[in-house]
Amino acid sequence: MVQYCVMVKGPCRGKSCDFWARVKIRKLTVNELITDIREHIKKCNKDNSMSINEILRIYWSEVGMHDLDKLCYEEPDLCAKMMDAEVKAQIL
């Protein structure tokens, strides 16, 4: 039997739960996300061995996002905010 999660008002996702990451991202402004992403790019790309896509994937994973496709399906506005921040952060 699948456990019910009162936080997401649906089935528990267990280790794939990204509820608190979504809350955190919702609370941050786009400019705050841009700043965080730029700092992460500088930290990870000291020797230019990683692509921007890899760095961004690691960043969202560290924030707590486990499945970006599911996020974009369930909350397109939040996904759009994240993608907007990604694009603007790359314009250094």
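Residues numbered from 1 in each chain as written. Predicted model: local features only at pLDDT ≥ 70, side-chain atom pairs only at ≥ 80, totals over all residues. Heavy atoms only, no water.

Undergrad: Can you break down the overall build of the protein residue by residue, with the values?
TA: Looking only at helices and strands, one finds five helices and two strands in the protein. For the protein, the sequential pattern of α-helices and β-strands runs β-β-α-α-α-α-α. When the 92 residues of the protein are sorted by exposure, 33% land in the buried category. Considering only intrachain contacts with a sequence separation of at least 6, the fraction spanning at least 24 residues in the protein is 57%. Taken as a whole, the protein presents about 6,500 Å² of accessible surface, with 55% of it coming from carbon and sulfur. Averaging the locations of the 15 positively and 14 negatively charged side chains of the protein gives two centres separated by 4 Å. (Helix = DSSP H or I, 4+ residues; strand = E, 2+ residues; numbered from the N terminus. Buried < 20%, exposed > 50% of the residue type's maximum accessible area, 1.4 Å probe, protein only. Contact = heavy atoms within 4.5 Å. Areas by Shrake-Rupley, 256 points an atom, 1.4 Å probe, with all protein chains shown as cover. Lys, Arg positive; Asp, Glu negative; His and termini not counted. Charge placed at Lys NZ, Arg CZ, Asp CG, Glu CD.)

Undergrad: Let's hear about helix H2 (residues 30–44): which residues, and what values?
TA: For H2, spanning 15 residues, the distance from its first C-alpha to its last is 21 Å, which sits close to the expected 21 Å at 1.5 Å a residue. Those residues of H2 lying buried are Leu 33, Ile 34, Ile 37, His 40, Ile 41 and Cys 44. For H2, the arc enclosing every buried residue in end-on projection is 130°, short of the 170-degree limit, so these residues lie on one face. Exposed positions of H2 whose direction lies more than 90 degrees from the buried face are Asn 31, Glu 39 and Lys 42. (Expected span 1.5 Å × (residues − 1). Arc of directions from axis to C-beta.)

Undergrad: Give me the lowdown on helix H3 (residues 52–63), citing residues and values where you can.
TA: Helix length check: H3, at twelve residues, gives a terminal C-alpha distance of 16 Å against a target of 16 Å (1.5 Å per residue), a fit within 8%. Listing the buried residues of H3 in full gives Ile 55, Leu 56, Tyr 59, Trp 60 and Val 63. Along H3, the residues classed as buried sweep out an arc of 130° about the axis, all on the same side. Away from the buried face of H3 by more than 90 degrees, exposed residues Asn 53, Arg 57 and Glu 62 are located. Looking at the buried positions of H3, the neighbouring elements they touch are helix H1 (19–27), H2, helix H4 (68–74) and helix H5 (76–90).

Undergrad: Can you explain the packing of aromatic side chains? Please cite residues and give values.
TA: In the structure shown here, the tally under the stated rule is two aromatic pairs. Their ring planes at 65° and their centres at 4.8 Å tell us that Tyr 59 and Trp 60 sit as a pair that is edge-to-face. Looking at Tyr 59, the relative accessible area reads 7%, which means it is buried. You can call Trp 60 buried: its relative accessible area is 1%. (Phe/Tyr/Trp six-rings, centres within 6.5 Å; stacked < 30°, edge-to-face > 60°.)

Undergrad: Help me get a handle on the environment of Arg 26, residues and values and all.
TA: If you trace the backbone, Arg 26 turns up in helix H1. Since its relative accessible area comes to 43%, Arg 26 is described here as partly exposed. Taking the C-alpha atoms as reference points, Arg 26 and Glu 54, separated by 28 residues in sequence, lie 23 Å from one another. The contact partners of Arg 26, leaving out residues within four places of it in the chain, are Glu 75, Leu 78 and Lys 81.

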